Amino acid sequence: MASHIVGYPRMGPKRELKFALESFWDGKSTAEDLQKVSADLRSSIWKQMSAAGTKFIPSNTFAHYDQVLDTTAMLGAVPPRYGYTGGEIGLDVYFSMARGNASVPAMEMTKWFDTNYHYIVPELGPEVNFSYASHKAVNEYKEAKALGVDTVPVLVGPVSYLLLSKAAKGVDKSFDLLSLLPKILPIYKEVITELKAAGATWIQLDEPVLVMDLEGHKLQAFTGAYAELESTLSGLNVLVETYFADIPAEAYKTLTSLKGVTAFGFDLVRGTKTLDLVKAGFPEGKYLFAGVVDGRNIWANDFAASLSTLQALEGIVGKDKLVVSTSCSLLHTAVDLINETKLDDEIKSWLAFAAQKVVEVNALAKALAGQKDEALFSANAAALASRRSSPRVTNEGVQKAAAALKGSDHRRATNVSARLDAQQKKLNLPILPTTTIGSFPQTVELRRVRREYKAKKVSEEDYVKAIKEEIKKVVDLQEELDIDVLVHGEPERNDMVEYFGEQLSGFAFTANGWVQSYGSRCVKPPVIYGDVSRPKAMTVFWSAMAQSMTSRPMKGMLTGPVTILNWSFVRNDQPRHETCYQIALAIKDEVEDLEKGGISVIQIDEAALREGLPLRKSEHAFYLDWAVHSFRITNCGVQDSTQIHTHMCYSHFNDIIHSIIDMDADVITIENSRSDEKLLSVFREGVKYGAGIGPGVYDIHSPRIPSSEEIADRVNKMLAVLEQNILWVNPDCGLKTRKYTEVKPALKNMVDAAKLIRSQLASAK
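Residues numbered from 1 in each chain as written. Predicted model: local features only at pLDDT ≥ 70, side-chain atom pairs only at ≥ 80, totals over all residues. Heavy atoms only, no water.

- The protein goes by 5-methyltetrahydropteroyltriglutamate--homocysteine S-methyltransferase in an unreviewed UniProt entry, where it is assigned to Arabidopsis arenosa.
- Quoted verbatim from the Function (unreviewed entry) field of the UniProt record, the comment on the protein reads "Catalyzes the transfer of a methyl group from 5-methyltetrahydrofolate to homocysteine resulting in methionine formation." (UniProt positions renumbered as here; feature names shortened; annotations may be inferred.)

Rendered as structure tokens:
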């Protein structure tokens, strides 16, 4: 009986790692304190998997920030600006790369495939001096062994590592990252040799880029790299793990004929087509790691369906060569259902978090080996049946309204330039108008008030009074800074998705269902279990209150349907786009109520539109079509003079710019400040964009305060490719995670930069 877990969440059941990291970063605890929390978390995870009967337990999937950054450290590929001079990489250099420091900015962060996790992008070029500079993989293997647990060390595979990297600043964009394989493989050999010496018998190399559309020369790089590693790998069982999608036929052929590899792991939840490839031919005598338990959602596994898939595979690869696994690392799901005391029993019976998924994997492996736990299997069947028939899941009215959307395109009545004219008459903004993205810093005091109100320790009256005071403070600050379009700062909101989900039907919430987004930052995705509708207005009360405090335009702030969808755990019993249309109709009601309430600028954030893009090009058009349509549904009914903004984050826009234009927003603000203005290159290449646009002028993810000269310099770079009458000036994301001591000077410098350039443009006229 063989079971395997691809990877496990690092944060801990109660976010222990998050608090340890932040305490260390704030100088409140030592490196030793941090290492102790980390070691305790690792040991409890290993012991838990071992106790559940897991045969293949991963090590080195723990990270203090990110597994790709761990690989960068292992390879000694530290960009020169961090002043690394050799030797074992310590936490100071490691965290400087991740977060920047007082004198140099952080490395770029980007989406890990189509998940909501972010990795730190390696910056590589011909000059990089690779060296074996972090022994973490070996140290963690030994640490587990000392606890009596024999683990499978996990490394990011060499080809995926290079293909997930970017050319460093100053390196020709056409530089072939794969040309660095001969430089990094010797280090992989050193690591593998040390792991063998330490007693490892299995090793896992994650090569998830194999599920992407890869050109022939990239596939050949796999063949070459593994041939080069073959002699070092001999004597080890080697698993090459893939996840997040089915694997293309060509890549499957390359993967299954790699030298030195004994086992292949596939995501059979998002990659059902891979089953056909396996049925058509699987290499004799090799292991198949079958990812049948979903690592990216929180629904209980359908044991009967999984078992029949596994039995079919067993007939192909043989009983002793089939291993039951998760579809991907459990990093992307919540940690443990045991900590959910508030969820009602019915919904709880439909769910499985990481700890439960470990149990599911082992239950399936046992059943496959003829030791089926009948009680567990019948409880599973009963839970699935209750979910299928529950009246909480289906709402006829919503189903009808969503079905009725099919006939229309949902576009606004006039084109964007006519709308912008109508809006300017009403809003009377200067050129290069300044605004912020929405949230302002959330102080300890503010979080306390919200928490106490939730716990019913504070009356509604006192709560409203406290939030009103906070909004007033934020409005006054923005007026004092002379910002043109204001926000209310969102003091009443915990999270941009959760806040709305709590007010929509069809959503459930967890107390501890946290998932790592980047570094110490975690999100708590809502669970969409049923049809979605909006019982009553959600934001009008606060937005109207904020607008009454100022004569300047106050933005209404909503999260768009695609982002709510992509940042939630979504029901898996109907297509995602159907759920998205339901959410769009709920947000449409809210947009129209805000307009009636006197709000003339309404921002509908679609931060996550790009990250829902399927990994395969052949599936892009369908996704973009329904995603963009969902956005248009929300605001197709407003007047021309109502200005619709949207905001997008951390992504590569250039490949979807035409879909972004098709969203037909009046103004779009974009997070781009860590991406070296790659964004602007699309406009340089002649894409015509007629709506308002505000590429972020400074990075809010770093505590650094940019000078007004630096901001003015960025704005001028933007003016080189964008018309001055459409350019907005704004930070790149919300300010919730920053401190006021950082926000005030940064915004002052931003407004000063805008005014400086306005006066330069006026005198140039």
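1. Things to note about helix H3 (residues 67–74)
Then comes step 1: For H3, the buried fraction is high: eight of the eight residues fall into the buried class.
Then comes step 2: Each element contacted by the buried residues of H3 is listed here: helix H4 (91–99), strand E3 (118–120), helix H5 (136–146), strand E5 (151–156), helix H6 (158–163) and helix H7 (181–198).
Then comes step 3: Residue Asp 66 occupies the N-cap position of H3, its side-chain oxygen lying 3.2 Å from the main-chain nitrogen of Val 68.
Then comes step 4: The first or second residue beyond H3 is Gly 76, which carries a positive phi of 65°. (Buried < 20%, exposed > 50% of the residue type's maximum accessible area, 1.4 Å probe, protein only. Helix = DSSP H or I, 4+ residues; strand = E, 2+ residues; numbered from the N terminus. Contact = heavy atoms within 4.5 Å. Polar contact = N/O pair within 3.5 Å; in protein donor to acceptor, adjacent residues only side chain to side chain.)

2. So, the UniProt feature "domain: Cobalamin-independent methionine synthase MetE N-terminal" (unreviewed entry) in the protein
Then comes step 1: Feature annotation in UniProt assigns "domain: Cobalamin-independent methionine synthase MetE N-terminal" (unreviewed entry) to the following positions: residues 3–315.
Then comes step 2: Secondary structure content for residues 3–315 is 41% helix and 13% strand, and the end C-alpha separation is 18 Å.

3. Topic: the packing of aromatic side chains
Then comes step 1: Taken as a whole and judged by the stated rule, the model has 22 aromatic pairs.
Then comes step 2: Between Trp 202 and Tyr 287 the ring centres are 5.2 Å apart and the planes differ by 75°, which places this aromatic pair in the edge-to-face class. One end of the pair, Trp 202, is in strand E7 (residues 202–206); the other, Tyr 287, is in strand E10 (residues 287–293), with 85 residues separating them in the sequence. The burial state of Trp 202 is the same as that of Tyr 287; both residues are buried.
Then comes step 3: With centroids separated by 6.2 Å and ring planes inclined at 55°, the aromatic side chains of Trp 350 and Tyr 529 adopt a geometry described as tilted. Here Trp 350 is found in the loop between helix H12 (345–349) and helix H13 (354–368), whereas its partner Tyr 529 is found in strand E15 (residues 527–533), with 179 residues between them in sequence. The pair formed by Trp 350 and Tyr 529 is uniform in burial state, with each residue classed as buried.
Then comes step 4: An aromatic cluster is built from Phe 24, Trp 25, Tyr 65, Tyr 94 and Phe 95, whose rings are joined through pairwise contacts.
Then comes step 5: For Arg 99, the ring lying beneath its charged end belongs to Trp 25, and the centroid distance is 3.8 Å. (Phe/Tyr/Trp six-rings, centres within 6.5 Å; stacked < 30°, edge-to-face > 60°. Lys NZ or Arg CZ within 6 Å of the ring centre and 35° of its normal.)

4. Considerations on the packing of H5 against H7
Then comes step 1: Where H5 contacts H7, the axes come no closer than 9 Å and their chain directions differ by 15°. Classed by the angle they form, the pair H5 and H7 counts as roughly parallel. With respect to the hand of their crossing, H5 and H7 are arranged in right-handed fashion. Between H5, through Ala 137, Val 138, Tyr 141, Lys 142 and Lys 145, and H7, the contact on the second element is made entirely by Val 191, Glu 194, Leu 195 and Ala 198.
Then comes step 2: A breakdown of the residues in the contact of H5 with H7 according to their chemical character gives six nonpolar, no polar and three charged. (Axes fitted to C-alpha atoms, helices over the stretch in contact; angles between N-to-C directions. Parallel < 35°, antiparallel > 145°, perpendicular 65-115°, else oblique. Left-handed = near helix turned anticlockwise from the far one by under 90°. Nonpolar A, V, L, I, M, F, W, Y, C, P; charged D, E, K, R; others polar.)

5. Section: the sheet that holds strand E19 (residues 643–648)
Then comes step 1: Taken in spatial order, the five strands line up as E16-E18-E19-E20-E21 in an open sheet, and their pairing is parallel. The sheet is open, and its two borders are formed by strand E16 (555–559) and strand E21 (692–695), each paired with just one other strand. Each adjacent strand pair in this sheet contributes to an overall mean axis angle of 20°, direction not counted.
Then comes step 2: In this sheet, strand E20 (residues 667–670) lies alongside E19 in parallel orientation, the contact comprising four bridges. The partner of His 647 across the bridge, within E20, is Thr 669.
Then comes step 3: Across the sheet, helix H22 (residues 576–596) is in contact with E16 and strand E18 (601–605); its angle to E16 comes to roughly 175°. (Pairing = 2+ DSSP bridges.)

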